[in-house]
Amino acid sequence: MHVAFLNPQGNFDPNDSYWTEHPDFGGQLVYVKEVALAMAALGHRVDIITRQISDDQWPEFAAPLDGYPGHPNARIVRIPCGPPHFLPKEQLWPHLGTGWTAGITGFYQADGGLPDFFTTHYGDGGLAGALLKQQTGVPFTFTGHSLGAQKLDKLHPTPNSLAKIDARFHFKERIFGERLAMNHAARIITSTRQEQMEQYSHRAYHGAVDPAGADHDRFAVIPPGVNRRVFSPEPGPADATVAARIDTALARDLPPERRALPLVLCSSRLDQKKNHIGLVKAFAENADLRRTANLAIAIRGLDNPLQQRAQLKKAEERAIFDDIARLLDEHNLWPAVTSFSLNSQAELAAAYRVTAARGSVFSLTATYEPFGLAPLEAMSCGLPAVVTQNGGPSESLFDAATGKKFGVLVDPANPADIARGLLEALESPETWQYYQLAGIERVISRYTWDRTAEGYLAAIEQAAAHLAKDGTLSVPDYFTHPGPATEIPLSALADLYFQA
Ligand code: F6P
């Protein structure tokens, strides 16, 4: 099979340039690269199609063709899309249905023929997929990664503020592009069933897709994978450094008699949604938990984060640590809490292994976690996970069909339940070991990029066998003839978004 991945935003090169340094070079690129390479390793011809950028500031992305050493079946294909210089993803919309799709069909004409299937990523890739389907008949899958409607929700628009928000983020084009992609895709790929049912049922997508009804079977739930090259129980290059760092922190922060206790390791980003406070309250309220384990909070950058919290750059982060410090004062909890830095994926994986060797657990008590890759990464290293029951972990840590548990789920709104879950995993060496082995088994059987690639191939093959009827939505003129006269009116977005 010949499969092409449409991902206009960000870019790809053999050195993974700019990953995590720019908002368009985040998790989505990791996802596309890993699925594409896993598919190529299974013997398929794979192209990642992105933008050609001729810009001195971004020299890595000028060549029309590129690849990954050791992966002869995979190509990076860069096609011009609008002006030659780098454009952030919000500014790609007028160029996708004109130069980019024309460039893609031109490339394949010269290359000896079109691919069998496109996989498309984010609304911008999805829009291009829908337009290419109309022009060439080649079907496509759509993976949203992050949908515009939910992003708009977070900005709390009112009918009065919508124009200002739209001027910055271009939601008109994004949501109308996403609607076309959802409507015309042969399969829609989500990471969890909840993502399908909750995100795609947003009123902004009514009339384009019906995730619980007519379109239910067009969805395929295919989870992303854990990078097992980094997150594995096998010792890694950072283990010795991280072990020494943790020992130093324990000696600095904890009285001698508490230093050998297991740790409850919390390595989430400092964000209110991650609910560090709920976890601290669990320690404050439960004496058994305090007797059994210490709390370890890890963040990037600071050696002694709790004491150096004034150096945190963001006010929200300082506020979270100030709240934690207040709780530690109030409940006299300082002797049970340590903090240190973890500065890379390799260090995170090392910390999971080092703390697992002390019989510790990983904890993520976020109010809601859409997918929850971090607990799977910890489990993959052999660290049992105690995690929020809200969102993806309810599917990844628990098999509803068999009742089997692969980690412990807790109610993040209830500190008593968080303590209950932590104590469950720490209750005895046998229980801890059960969760350790079950966690590793779960990741290997369901959450590797090979499994993700196999899931895509199965979804593509099923779709090719029973090609869905064509979509019903027509293409707004703006996408094929962009200009002031064809602009999607703001009222069209407002009608969708604010409808009852
Ligand atoms: O790669 C990073 C990512 O997860 C992408 O899916 C997407 O580009 C971005 O973050 C989120 O996009 P947005 O904030 O526009 O929803």
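Only a predicted model underlies this, so the values are computations on that prediction, with no experimental measurement involved.

Draft legend 1. Spotlight on the side chain of Lys133. Topologically, Lys133 is positioned in helix 3 (residues 122-136). Residue contacts for Lys133: discarding those within four places in its chain leaves Val138, Pro139, Phe140 and Asp470.

Draft legend 2. Inspection of the site of the ligand at higher detail. As a structural note, the neighbourhood of the ligand is formed by Gln9, Pro23, Gly26, Gly27, Gln28, Lys89, Tyr122, His145, Ser146, Lys151 and Arg174. Within the contact set of the ligand, an oxygen atom lies 2.9 Å away from a side-chain nitrogen or oxygen of Gln28. Ser146 has a polar side-chain atom sitting 2.4 Å from an oxygen atom of the ligand. Its free accessible area being 390 Å², the ligand has 79% of it covered by the protein chains. Taken together, the residues that form the shell around the ligand break down as two nonpolar, six polar and three charged.

Draft legend 3. Structural context of the sheet that holds strand 16 (residues 408-410). As summarised here, the arrangement of the six strands in space is 11-10-9-12-13-16, forming an open sheet in which the pairing is parallel. In this open sheet, the two edge strands, each paired with only one partner strand, are strand 11 (337-341) and strand 16. In this sheet, adjacent strand axes meet at a mean angle of 25° when their direction is disregarded. Alignment of strand 10 (residues 294-299) against strand 11, held across five bridges, turns out to be parallel. Residue pairing in the sheet places Ile299 in a bridge with Ser341 of strand 11. Packed onto the sheet, helix 8 (residues 239-253) meets strand 9 (263-266) and strand 11 and runs at close to 145° relative to strand 11. Sheet contacts for helix 13 (residues 373-380): strand 12 (361-364) and strand 13 (385-388); angle to strand 12, the most-contacted strand, approximately 180°.

Draft legend 4. Structural view of the packing of aromatic side chains. Applying the stated criterion to the full structure yields 18 aromatic pairs. In this structure, Arg203 packs its charged tip against the face of Tyr497, placed 4.6 Å from the ring centre.

Draft legend 5. Just the sheet that holds strand 3 (residues 65-67), in detail. In space, the eight strands of this open sheet follow the order 3-4-2-1-5-6-7-8, with mixed pairing throughout. Of all strands in the sheet, those with a lone pairing partner are strand 3 and strand 8 (219-221), marking the two edges. Taking the axes of each pair of neighbouring strands and ignoring which way they run, one obtains an average angle of 25° across the sheet. Together, strand 1 (2-6), strand 2 (45-52), strand 3, strand 4 (74-80) and strand 5 (117-121) form the strand contacts of helix 2 (residues 93-111), whose direction differs from that of strand 4 by roughly 130°.

Draft legend 6. How the structure looks around helix 17 (residues 449-465). Taking 1.5 Å of rise per residue, 17 residues should cover 24 Å, and helix 17 covers 24 Å from first to last C-alpha, within 8% of that figure. Turning to helix 17, its buried residues are Trp449, Thr452, Ala453, Tyr456, Leu457, Ala459, Ile460 and Ala463. Taken around the axis of helix 17, the buried residues stretch over an arc of 160°, which confines them to a single face.

Reading guide: rules and limits
Residues numbered from 1 in each chain as written. Predicted model: local features only at pLDDT ≥ 70, side-chain atom pairs only at ≥ 80, totals over all residues. Heavy atoms only, no water. Helix = DSSP H or I, 4+ residues; strand = E, 2+ residues; numbered from the N terminus. Contact = heavy atoms within 4.5 Å. Near = heavy atom within 4 Å. Polar contact = N/O pair within 3.5 Å; in protein donor to acceptor, adjacent residues only side chain to side chain. Areas by Shrake-Rupley, 256 points an atom, 1.4 Å probe, with all protein chains shown as cover. Nonpolar A, V, L, I, M, F, W, Y, C, P; charged D, E, K, R; others polar. Pairing = 2+ DSSP bridges. Axes fitted to C-alpha atoms, helices over the stretch in contact; angles between N-to-C directions. Phe/Tyr/Trp six-rings, centres within 6.5 Å; stacked < 30°, edge-to-face > 60°. Lys NZ or Arg CZ within 6 Å of the ring centre and 35° of its normal. Expected span 1.5 Å × (residues − 1). Buried < 20%, exposed > 50% of the residue type's maximum accessible area, 1.4 Å probe, protein only. Arc of directions from axis to C-beta.

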